[in-house]
Amino acid sequence: MFDEIKEAIARFLTSRLLVIGLVMILIASGLVYRLFDLQIIKGEAYLDSFQLRIKKEKEIQAARGNIYDKNGNLLAYNELANSVVIEDVYESGSQRSKKINATLNAVVDIVEKNGDAIVNDLSIQLNENNEFEFTVEGTMQLRFLADIYGYKTIDKMKYDERTSTADDVMNYMGKKFEVGEYINPDDKNSFVAGKGYSKKRFLQLVTLRYNMSLNSYQKYIDTTIAEDVSDKTVSDIEENKSCLEGVSIDEKTARKYVDSKYFAQILGYTGKISSTELKDLREKYPNLNYDGNDTVGKSGIEAAMETTLQGKKGSETLFVDKVGQVLDTTNYIEPSAGNDVYLTIDKDLQEAAYDILESRLAGILSRKIVNSKKVGTTAKSSDIMIAVYDVYYKLFENTVIDTKKFNNKNASATEKKVAKVFAGKQKNVLSTLKKELTSSKTAYNKLPLEYQNYETYITGILRNSGILTNEDYHDETYIKYAKNESISLNEYLHYAISMNWVDITKLELDGQYSDSEEVYLQVVNHLINTLENDVTFSKMLYRYILQSDLISPTDCCNLLLDQKVVKLSDAELTRWKSGSESAYTFIMNRIQKLDLTPAQLNLDPCSGSIVITDIKTGEVRALVSYPGYDNNKMANGVDAKYYAKLRADLSNPLYNYATQQKTAPGSTFKPLSATAGLMEGVISTTSTITCTGSFTRFNPAPKCWIYPRAHGSLNVSGGITNSCNDFFFEVGYRLGSVGGNYNSDKGLEKLKKYANLYGLTEKSGIEIEESEPSVSKEDAVRSAIGQGSNAYTTVQLSRYITTVANSGTCFNLTLIDKTTDSNGKLLKDNKATVRNKVKMPSAYWDAIHAGMRGVVEKRSEYANLGVNVAGKTGTAEERHDRANHALFVSYAPYEQPCISVTTRVAYGYSSSYAAQISRDVYDYYFNEESREKLLKGGAKTLEGGGRAD
């Protein structure tokens, strides 16, 4: 009996000691720590208490550096903010993906219920037709696809992978992450049993699963679900934490931008690092420890100065229990904040120039809009007018009026009326189109213009979707339809099917169709179904709804009021409701008061740019691109709805018109041609060339802008002042003349030599994204007046004219003034570098400067400015059916220059308008007493508008 008791005690002690031994081993390994009291009582060892603690190493993100203007005004900074994150704590097994997706779906519901946004950084988004589309193109799209399919390099991809559509990618990821399928067409609900997710929810889940997969190679790395969330979301997540496995709230920082619309194109924005960016940054900066959950600069200064702004991460050791609650922290290493960047930009000047530009664009529009349904064609682009009915239509086309609200339960009477009218019109048009495509064979040129436009749109759908492909442009039937317009679309598509130009694999067919007529009917059904849900096509219908008086201008104005797009004073509202104010007056008042902006209307002109540069230092003081956008909604997790709106906006606010838009320089190029002529010895400062109104060395003879009049005999200064085409045609001709024979290539070679000296063969030097310049490769004679294939950005023209202003110092322009650490200690005092010097006799500079001063002296609006300005106008025609581009390059004061101002208004009719806008910029800069009046709200009507070459 005693021996049995002794054996039992031994087994008991052994088992307890084994447990203790295992715990000690785990402790020694550093994986698990213990809390227990070991007591020996009457020879028995036991654990009084025991708790496992999981050890995690956590990185602590550093605060990103601030961005300031040259005067220390804050432009970009950080605020503490809460983020919803998820850690992949899910065990392997057949139910793993299902559990993760269920958790993510529940979190998305909570976040969106509280008005917060889900991280939306995939390079595929939904467009306004609710279709998936890539947001990158070219090499960037291929790199994205390589990441999706798991390749380290583009060249490893298979053909089908390289040519994947956005739908292909979404279907692939849906299967990979077991998200399921999406509903097509979309449903308002996030999930419909037996059908799948809405496209929006499908995209959200796939995006989050993809981001989680990028972090899967590292333990304890969180993936962000939503950033900068509200206190209500924090509360709801904490309340439901027990059933949201791996989900927690993490205190991070949110990037904030001051006066965002003015600076968005310069500053850019931040976002979660992509796999491509991660790879690039790790290769370039291996010591900076970038990982897949970092926030980096996506564009603008944020991207250009990424490694300066990005701080050094800290770290700490956490001990958590099995449900993730933190029990203890140790080994804390504090992060180091990123360095601060000071720009050369003057905040006040930037904002003033933007406001001046917007209000003057509105003034041009006000001058051009007439109270009619249609306007006639005109031979001169400067004479093009705008029918007010085009304004009403633009309200629909550019989604100023939101037609999706028409079917809401609380829709206004006008909204319901317009919805009913639209439904009837759509039904009628689709029925007529189906008849045309199935039974009628009306030749394209016999159709009404309305239906010609519809059928043109239909062929565009077929070609863009890859259904209509490999057309033979030399084929007789193709020529009959596309060029002669003498056969119907019905006949052409039947022929295209017979020639195998229709790819039926692009159609979602219900079965196998071998008969060509069955294939054709499937194509027709596909088209009608597509048009029924196509937003762009729906917008087209509104043009003809308006032209047919199915809805009135008054209806359009009431829609603006019902949807709170505009707000009237009590007095204005009373006048409107009483009927004493016409719809034309209503809409013109909205434009003049900037209740409706040029960007919203997307009528010519709706965009523009201004670059102001310190001619002594090469520092850019203002770089304005209109329209701007709110980069706060692009940082901290892209606002999907806002991003979709920006991408659909026809005024293209994401495009930097100062650094990316290239047009012909027009006559602003003539000082460069004068330089070439003087330096190559084909003219002198005293020699003259006689303008007869046309350049008779060529047949047909190109004309001077003053034709049928003529300028007579001019020297080089007079040639510039009068912007004489004949003078510079002759200069271009002489530059290309060798031994009495004209050789255009020789002339182009010499023009390029001086374009290079003025910096026009390279980007300007600024630190943000910029288009490559195009130096003309055709027709030296016309290239000498800024035509040919010359094309430059506004900032490139700014560098050129800055070089003219300072008599030969060509800078690599800069936007960076200095960098400091977070405590203000200077790290780098940045200066624009000198690219080259244009060495030219002072007499030549004097002649060019005098010519440019003469340009401005002829302009009455500059008479009482109080500062002498020198400049050169330029008008560039791009399309016969749209207004000319308007340009003005200039500097002041003429006697001792300090700044240059370069203004471009795309499709701005006349360089006279660009000159007047620049005049107001100079007034603001030099005359403090004028500033309040200049910036007083509302459109400013500009004078003239005829050609001012």
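What you are looking at is a predicted structure, and each value in this text was computed from that prediction instead of being measured. (Residues numbered from 1 in each chain as written. Predicted model: local features only at pLDDT ≥ 70, side-chain atom pairs only at ≥ 80, totals over all residues. Heavy atoms only, no water.)

**Concerning the overall build of the protein**
Next up, step 1: Within the protein, the secondary structure is distributed over 33 helices and 32 strands.
Next up, step 2: Taking the principal axes of its C-alpha atoms as reference, the protein extends roughly 135 × 75 × 65 Å.
Next up, step 3: Expressed as a percentage of its 949 residues, the buried residues of the protein come to 53%.
Next up, step 4: Of the contacts made within the protein by residues no fewer than 6 positions apart, 69% connect residues no fewer than 24 positions apart.
Next up, step 5: Of the accessible surface of the protein, which amounts to about 43300 Å², a share of 47% is contributed by carbon and sulfur atoms.
Next up, step 6: In the protein, 115 positive and 123 negative side-chain charges are present, and the distance between their average locations comes to 3 Å. (Helix = DSSP H or I, 4+ residues; strand = E, 2+ residues; numbered from the N terminus. Buried < 20%, exposed > 50% of the residue type's maximum accessible area, 1.4 Å probe, protein only. Contact = heavy atoms within 4.5 Å. Areas by Shrake-Rupley, 256 points an atom, 1.4 Å probe, with all protein chains shown as cover. Lys, Arg positive; Asp, Glu negative; His and termini not counted. Charge placed at Lys NZ, Arg CZ, Asp CG, Glu CD.)

**Quick notes on the side chain of N790**
Next up, step 1: As for its placement among the helices and strands, N790 is situated in the loop between helix 29 (780–783) and helix 30 (794–805).
Next up, step 2: At 3.0 Å, the side chain of N790 and the backbone nitrogen of S776 are in polar contact.
Next up, step 3: A distance of 2.9 Å separates the side chain of N790 from the side chain of Y792, its partner in a polar contact.
Next up, step 4: For N790, the contacting residues outside a window of four places in its chain are T663, A664, P665, F669, S774, V775, S776 and S783. (Polar contact = N/O pair within 3.5 Å; in protein donor to acceptor, adjacent residues only side chain to side chain.)

**Regarding unusual backbone geometry**
For residues other than glycine, phi is negative in most cases, and the peptide bonds are mostly trans.
Next up, step 1: Going from N699 to P700, the amide bond is cis rather than trans, its omega being 5°.
Next up, step 2: Relative to the elements of secondary structure, P700 occurs in the loop between strand 22 (689–691) and strand 23 (712–714).
Next up, step 3: For D779, which is not glycine, the phi dihedral falls at a positive 60°.

**Observations concerning the pairing of strand 12 (residues 247–257)**
Next up, step 1: Here strand 12 lies mainly inside the structure; 8 of its 11 residues are buried.
Next up, step 2: With 11 bridges joining them, strand 6 (residues 74–87) and strand 12 adopt antiparallel strand pairing. Following the sheet pairing, E79 is matched in strand 12 by A254. (Pairing = 2+ DSSP bridges.)

**Examining helix 19 (residues 535–547)**
Next up, step 1: If you check helix 19, its first and last C-alpha atoms are 19 Å apart, about what 13 residues at 1.5 Å a residue would give, namely 18 Å.
Next up, step 2: Buried residues along helix 19 sit against helix 13 (388–397), helix 14 (413–438), helix 15 (449–464), helix 18 (516–532) and helix 20 (553–562).
Next up, step 3: Structurally, the start of helix 19 carries an N-cap: the backbone nitrogen of T536 is 3.0 Å from a side-chain oxygen of D534.
Next up, step 4: Of the residues one or two after helix 19, D549 is the one with positive phi, at around 60°. (Expected span 1.5 Å × (residues − 1).)

**Considering the nonpolar core**
Next up, step 1: Residues L343, F537, I587 and L623 are the most contacted members of the largest nonpolar core, which totals 147 residues.
Next up, step 2: Ranked by residue count, the leading element in this core is helix 12 (residues 347–368), at 9 residues. (Core = buried A, V, L, I, M, F, W, Y, C linked by side-chain atoms within 4.5 Å.)

**So, a negative patch on the surface**
Next up, step 1: A cluster of like negative charges, contributed by E131, D160, D167 and D168, occupies part of the molecular surface.
Next up, step 2: Along the chain, the position of E131 falls in the loop between strand 7 (124–126) and strand 8 (132–134).
Next up, step 3: E131 gets classed as partly exposed once you look at its relative accessible area, which sits at 35%. (Patch = residues over 30% accessible without salt bridge, like charges linked within 9 Å, V, L, I, M, F, W, Y side chains within 5 Å. Salt bridge = Lys/Arg side-chain N within 4 Å of Asp/Glu carboxyl O.)

**Remarks on the pairing of strand 6**
Next up, step 1: Taken together, the 2 bridges between strand 5 (residues 67–68) and strand 6 define a ladder with antiparallel strand orientation. Bridged to Y68 within strand 6 is L74.
Next up, step 2: Taking the residues between adjacent antiparallel strands as the criterion, strand 5 and strand 6 are bridged by 5 residues, where G72 takes a positive phi near 85°.
Next up, step 3: In the sheet, strand 6 pairs with strand 11 (residues 222–229) via 5 bridges, with the strands oriented antiparallel. Each residue of the ladder has a partner; that of E87, found in strand 11, is D222.

**Re a positive patch on the surface**
Next up, step 1: On the surface, K404, K405, K564, K633, K641 and K645 cluster together into a patch of positive charge.
Next up, step 2: Examined against the element boundaries, K633 turns out to sit in the loop between strand 21 (620–626) and helix 24 (640–648).

**Some remarks on the pattern of salt bridges**
Next up, step 1: Applying the stated criterion to the full structure yields 45 salt bridges.
Next up, step 2: Across the pair R621 and E619 runs a salt bridge, and its minimum N-O distance is 2.7 Å. Comparing R621 with E619, the two get one shared label, buried.
Next up, step 3: Between R879 and D881 there is a salt bridge, with its nearest N and O atoms 2.7 Å apart.
Next up, step 4: The partly exposed category is assigned to R879, whose relative accessible area is 37%.
Next up, step 5: Among the charged side chains, a network of salt bridges with common partners joins R360, R919, D920, D923 and K940.

**Section: the packing of aromatic side chains**
Next up, step 1: Under the criterion given, the structure shown has 36 aromatic pairs.
Next up, step 2: The interplanar angle of 85° and the centroid separation of 5.1 Å between the aromatic rings of Y451 and Y454 together place this pair among those described as edge-to-face. One end of the pair, Y451, and the other, Y454, are both in helix 15, 3 residues apart, so they sit about a helical turn from each other. Each member of the pair, Y451 as well as Y454, is classed as buried.
Next up, step 3: Both rings, one in Y733 and one in Y742, keep their centres 4.8 Å apart while their planes meet at 10°; by these two values the pair is stacked.
Next up, step 4: With a relative accessible area of 25%, Y742 lands in the partly exposed category.
Next up, step 5: If you follow K818 out to its NZ or CZ, it ends over the ring of Y342, 4.7 Å from the centre. (Phe/Tyr/Trp six-rings, centres within 6.5 Å; stacked < 30°, edge-to-face > 60°. Lys NZ or Arg CZ within 6 Å of the ring centre and 35° of its normal.)

**Description of the sheet that holds strand 20 (residues 608–614)**
Next up, step 1: The antiparallel open sheet is built from 5 strands, whose spatial order is 21-20-32-31-30. On the outer flanks of this sheet lie strand 21 and strand 30 (870–876), each paired with one strand and no other. Across the sheet, the mean angle from the axis of one strand to that of its neighbour is 5°, orientation sign disregarded.
Next up, step 2: Strands strand 20, strand 21 and strand 32 (899–905) of the sheet are contacted by helix 12, whose axis makes an angle of about 35° with strand 21. (Axes fitted to C-alpha atoms, helices over the stretch in contact; angles between N-to-C directions.)

**Observations concerning the side chain of K872**
Next up, step 1: With respect to the helices and strands, K872 occurs in strand 30.
Next up, step 2: Looking at K872, its side chain comes within polar contact range of the side chain of S723, at 2.9 Å.
Next up, step 3: The contacts of K872, once residues within four sequence positions are left out, are S667, T668, K670, P671, I720, S723, M852, V855, L887, F888, V889 and D949.

**Focus: the packing of helix 14 against helix 20**
Next up, step 1: Following both chains from N to C, one finds helix 14 and helix 20 inclined at 130°, their axes separated by 9 Å at the closest point. If you check the angle between helix 14 and helix 20, you find them oblique. Every pair of crossing elements has a handedness; the one defined by helix 14 and helix 20 is left-handed. Counted together, T414, E415, K417 and V418 of helix 14 and D555, N558, L559 and D562 of helix 20 form the full contact between these two elements.
Next up, step 2: Among the residues forming the contact of helix 14 with helix 20, the class breakdown is 2 nonpolar, 2 polar and 4 charged. (Parallel < 35°, antiparallel > 145°, perpendicular 65-115°, else oblique. Left-handed = near helix turned anticlockwise from the far one by under 90°. Nonpolar A, V, L, I, M, F, W, Y, C, P; charged D, E, K, R; others polar.)

**Here's the deal with the environment of T574**
Next up, step 1: Its place among the elements puts T574 in helix 21 (residues 570–578).
Next up, step 2: Accessibility expressed as a relative area gives 54% for T574, which makes it exposed.
Next up, step 3: Once the C-alpha coordinates of T574 and E178 are considered, the two residues, 396 residues apart in sequence, prove to be 59 Å apart.
Next up, step 4: Engagement of the side chain of T574 in a polar contact is seen with the backbone oxygen of D570, the distance being 2.9 Å.

**A look at empty space enclosed by the protein**
Next up, step 1: Throughout the structure, instances matching the rule amount to 2 cavities of 30 Å³ or more.
Next up, step 2: Its volume calculated, the largest cavity comes out at about 40 Å³.
Next up, step 3: Among the elements that take part in the lining of the largest cavity, strand 12 stands out by supplying 3 residues, more than any other.
Next up, step 4: For the lining of the largest cavity, the residue count by class is 2 nonpolar, 3 polar and 3 charged.
Next up, step 5: The calculated volume of the second largest cavity comes to roughly 30 Å³.
Next up, step 6: Where the lining of the second largest cavity is concerned, the elements lending two or more residues are helix 8 (260–267), helix 12 and strand 21.
Next up, step 7: When residues of the lining of the second largest cavity are assigned to their parent elements, the largest contribution, 6 residues, is made by helix 8. (1 Å grid on protein atoms, 1.4 Å probe; cavity = no way out; pocket = protein on both sides within 12 Å on 5 of 7 lines; lining within 4 Å. Points joined across faces, edges and corners; volume = space filled by probe spheres on them.)

**A word on the confidence of the model for the protein**
Next up, step 1: For the protein, the average pLDDT comes to 91, and 91% of its residues sit at 70 or higher.
Next up, step 2: In the predicted structure, residues 25–48 sits below a pLDDT of 50 and forms 48 contacts with residues beyond four places in sequence or in another chain. (pLDDT = per-residue confidence, 0-100.)

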